[in-house]
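The lines below spell out each chain.
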Amino acid sequence: MSDDCIFCQIIEEKASCYAVHETRYTKTFLDIFPASPGHCLIVTKDHYQDIFDATPEAISMVGHVSTLIAHTVKNELQCDGVGIFQLNGAAAGQTVFHYHMHVIPRNAGEEISIHSRVPGNPEDLQAMAERLSHRASTMLDGVE
Ligand code: 5GP
Ligand code: ZN
């Protein structure tokens with residue numbers, strides 16, 4: 001736990017999030033500045049800054065869950081594609097220094113962006129979190 005880390009605060013439930021899924025090692029919630037509707041972040045429960053200090057086990061668990069969330073998003077939203085990416089260091093564009101993966105639904109013809117500066121509408125985020133968490137609970141039953 002890092003006191004000034006927003007993702008640690010979310011994991012510790014000291015800050016709120018639009019939750020989608022949880023395992024022993026990861027929490028998945030919506031990005032509040034979505035690059036597209038359904039933009040998910042898969043976050044380690046332990047605090048690591050980036051791939052350079054995260055353990056191989058944490059990295060592989062985030063990779064595994066990201067794949068499952070990609071299936072969940074594709075299935076629920078019927079999007080044309082899903083982008084998965086991860087940034088390490090400010091020079092690479094990382095803005096929250098707690099290891100995480102982005103899973104972003106994509107549709108043909110839409111502009112591809114990594115970050116958005118526009119916050120999602122809270123009602124839309126809430127409705128999306130309900131859809132994806134329900135889909136995850138049925139598709140990922142037993143994934144701990
Ligand atoms: P990074 O740039 O580090 O790869 O991604 C960090 C992401 O976290 C950004 O896409 C940003 O929109 C998102 N973000 C920043 N603050 C918060 C927050 O308080 N809650 C949530 N859910 N997402 C956040
Ligand atoms: Zn943290």
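This text goes with the structure placed above it.
Position numbers for residues count from 1 along each chain, tracking the sequence in the order it is written. Here every chain gets a letter starting at A, and every ligand a number starting at 1, in the order they are written. Side-chain atom pairs in this predicted model are given and counted only at pLDDT of 80 or more, local residue features only at pLDDT of at least 70, and totals for whole chains, interfaces and linings cover all residues. Side-chain metrics rest on all non-hydrogen atoms present in the structure, leaving aside hydrogens and water.

Trainee: What is the right way to look at the pairing of strand β2 (residues 26-30) in this model?
Mentor: Working definition: with a 1.4 Å probe on protein chains only, accessible area under 20% of the residue-type maximum means buried, over 50% means exposed, and in between means partly exposed. Helical segments are the DSSP runs of H or I of at least four residues, strand segments are the runs of E of at least two, and each set is numbered from the N terminus. Judged by how many residues are buried, β2 sits mostly within the fold: 5 of 5 residues are covered. Residues T26, T28 and L30 line one face of β2 and the alternating positions K27 and F29 line the opposite face, and both faces are buried. Inspection of the sheet shows strand β1 (residues 19-22) paired to β2 by 3 bridges, in the antiparallel sense. Each bridged residue has a counterpart across the sheet, and for E22 the counterpart in β2 is K27. In this analysis, strands are considered paired if DSSP registers two or more bridges between them.

Trainee: What is the right way to read the coordination of the zinc ion (ligand 2) from this model?
Mentor: Note on metal sites: the ideal angle is 109.5 degrees for four tetrahedral donors, and 90 or 180 degrees for six octahedral donors. Here the coordinating atoms are restricted to nitrogen, oxygen and sulfur within 2.8 Å of the metal centre, or 3.2 Å for Na, K and Ca, and because water is not among them the sites may look incomplete. The coordination sphere of the zinc ion (ligand 2), as far as protein atoms go, consists of C5 (SG), C8 (SG), H47 (ND1) and H98 (ND1), spread over 2.0 to 2.3 Å. Site shape is set this way: if four donors have all angles between 85 and 135 degrees, tetrahedral; if opposite donors are over 155 degrees apart and all others between 65 and 115, square planar for four donors and octahedral for six; otherwise irregular. One can describe the site at the zinc ion (ligand 2) as tetrahedral: its 4 donor atoms subtend angles covering 104 to 118° at the metal. Expressed as a motif, the donor residue spacing for the zinc ion (ligand 2) is C-x2-C-x38-H-x50-H. With C5 in the segment before α1 (6-11) and H47 in the loop between β3 (40-44) and α2 (56-77), this pair connects stretches of sequence that are 42 residues apart.

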